[in-house]
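Descriptive structure summary
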Amino acid sequence: MFKRILVAVDGSMTSFDALTKAIELQKLTDAEIYLLCVYKHHSLFEASLSIGRPEGMDIPDKVLSEYAKGVVNHAKELAKERGATHVRGFVKAGKPSRVIIEFAKDKEADLIVVGTRGTHSDKDGMFLGSVSHRVASHAKCPVLVV
């Protein structure tokens, strides 16, 4: 059924709910789980705005990359604690929905699992966050929104 399941994680509770569902599917299919955390890449212009930053303060991309690595490592630990096997983690920079869709295509994922809302979703009553909506609308493989 599924050989490769991509789970987008961002540290939100709904992304960890998506991971839980992916683990359940893995136990049925023995698929490999790819964990992906995408952080927003800052342009050189945006980074240059921090020229006057205090000494010892890192540029935004470095901080966000480290945070994303921490999210992926935490998700890997959770997955292993919950009995998952064959789990790999990845961190990418860019627009989350675009990167998730491209990554799924590149890795030939059979399924993408995402949470309904991420860490930056507003709470205005929308049913889906913008990233989950874009992924579900544009991905070439099935998308499970948890």
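Anything mentioned here points back to the structure above.
Now for a look at the structure at hand.

The rules behind these values
Numbering of residues starts from 1 in every chain and runs along the sequence as written. Reporting in this predicted model follows two pLDDT cut-offs: at least 70 for local features of residues, and 80 or more for side-chain atom pairs to be given and counted; totals over whole chains, interfaces and linings ignore these cut-offs and use all residues. Excluded from the side-chain calculations are hydrogens and water; all other atoms, namely the structure's heavy atoms, are used. Only rings of Phe, Tyr and Trp enter the pairing, Trp through its six-membered ring, and a pair is recorded when the two centres are within 6.5 Å. The plane angle decides the type: under 30 degrees is stacked, over 60 is edge-to-face, the rest tilted. Here a helix means four or more residues in a row that DSSP labels H or I, a strand means two or more in a row labelled E, and each is numbered from the N terminus. Per-residue accessibility, obtained with a 1.4 Å probe over protein chains only, is compared with the maximum for each type, and a residue is labelled buried under 20%, exposed over 50%, and partly exposed between these values. Throughout this description, the term nonpolar core refers to a set of buried Ala, Val, Leu, Ile, Met, Phe, Trp, Tyr and Cys residues connected via side-chain atoms within 4.5 Å. Throughout, a contact is declared for two residues whenever any of their heavy atoms are within 4.5 Å.

What follows covers the packing of aromatic side chains. Per the stated rule, a full pass over the model turns up 3 aromatic pairs. Each ring, one from tyrosine 34 and one from phenylalanine 90, has its centre 5.7 Å from the other, and the planes form 90 degrees; the classification is edge-to-face. Taken together, the positions of tyrosine 34 in strand β2 (residues 32–39) and phenylalanine 90 in strand β3 (residues 87–93) put the pair 56 residues apart, joining distant regions of the chain. Both residues of the pair, tyrosine 34 and phenylalanine 90, count as buried.

Counting 25 residues, the largest nonpolar core has Ile5, Val7, Val9, Leu19, Ile33, Leu35 and Val113 as the members making the most contacts within it. Sorting the residues of this core by element identifies β1 (4–8), α1 (13–29), β2, α3 (60–81) and β4 (111–114) as the ones contributing at least two each. Ignoring anything within four residues of it in the chain, the contact list for valine 9 reads Ser15, Leu35, Leu36, Cys37, Val38, Val71, Val72 and Ala75. Ranked by size, the runner-up nonpolar core spans 17 residues in total, among them Ala8, Val38, Val99 and Val114.

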